[in-house]
Amino acid sequence: MRVVSGATRRRFGLLMGAGLVAPLVVRAHDGPHLVEAGIEGFAFVPCRLEIRAGDTVRWTNHDIAPHTATDKAGGWDTGRIAKGESSDVTYDAPGTYAVFCRFHPNMIAEVVVEPA
Ligand SMILES: [Cu+2]
């Protein structure tokens, strides 16, 4: 898994102002995508992502507290994501990943990676 930490999420205010929330992703086979996933109110929003192999998820923390998005099986980890920052993870291997926050283990989500 490729991880790029610390990318600043400059459009955060704009997107929140427009009231946009990262949707559940359902789409056809049309190449790799960048999928937005939020962390807010000590929760992953949405708490379930359905993507294709090769897609990248941009995990963005909208909380004041730092969070992580971490594979329960240990395969990948965003590392610490500060307020307003993002970490990109590219998912190459199909499978279902149980996700939690290392700082707040009660925060859980699921990433389902379908074959490309
Ligand atoms: Cu957390």
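Throughout, residues of each chain are indexed from 1 in the direction in which the sequence is written. It should be noted that, the model being predicted, local features are given only for residues of pLDDT at least 70 and side-chain atom pairs only at 80 or more, the latter also being counted only at that level, while totals for whole chains, interfaces and linings use all residues. Excluded from the side-chain calculation are hydrogens and water; included are all heavy atoms of the structure.

Within an unreviewed UniProt entry, the label attached to the protein chain reads Cupredoxin family copper-binding protein, and the organism entered is Albidovulum litorale.

Colleague: Account for the packing of aromatic side chains, naming residues and giving values.
Modeller: Note on ring pairs: Phe, Tyr and Trp rings are taken, using the six-membered ring of Trp, and paired if centres are within 6.5 Å. Classes follow the plane angle, with under 30 degrees stacked, over 60 edge-to-face and the rest tilted. This structure, assessed with the given rule, holds five aromatic pairs. With a centroid separation of 5.7 Å and 80° between ring planes, the pair formed by F44 and W59 is classed as edge-to-face. Taken together, the positions of F44 in strand β3 (residues 44-45) and W59 in strand β5 (residues 56-61) put the pair 15 residues apart, joining distant regions of the chain. By the burial criterion, F44 is buried, and W59 matches it. Seen from their ring centres, W76 and Y97 are 6.3 Å apart, and the 75° between their planes marks the pair as edge-to-face. In this pair, W76 sits in the loop between β6 (70-71) and β7 (85-90) while Y97 sits in strand β8 (residues 95-100), placing the two residues 21 residues apart along the sequence. On the accessibility criterion, W76 (4% relative accessible area) is buried. Secondary structure elements are taken from DSSP: a helix is a run of H or I of four residues or more, a strand is a run of E of two residues or more, and numbering for both begins at the N terminus. Type-normalised accessible area, obtained with a 1.4 Å probe on protein chains alone, sets the label of each residue: buried when under 20%, exposed when over 50%, and partly exposed for intermediate values.

Colleague: With reference to specific residues and values, describe the pairing of strand β9 (residues 108-114).
Modeller: Across five bridges, the pairing between strand β4 (residues 48-52) and β9 is parallel. Its bridge partner being in β9, R48 is matched across the sheet by E110. Strands pair, by our definition, only if DSSP identifies at least two bridges between them. Note: β8 against β9, six bridges, orientation antiparallel. Residue G95 lies in a different strand from β9, and its bridge partner there is V113.

Colleague: Lay out the coordination of the copper ion in plain terms, naming residues and giving numbers.
Modeller: Each metal's donors are the N, O and S atoms found within 2.8 Å of it, except that Na, K and Ca use a 3.2 Å limit; water is left out, so coordination can look incomplete. At 1.9 to 2.2 Å from the copper ion lie its protein donor atoms, namely H67 (ND1), C101 (SG) and H104 (ND1). Read N to C, the donor residues that coordinate the copper ion are spaced as H-x33-C-x2-H. On the criterion of sequence distance, the pair formed by H67 in the loop between β5 and β6 and H104 in the loop between β8 and β9 is long-range, its members being 37 residues apart. The exposure class of H67 is buried, given its relative accessible area of 0%.

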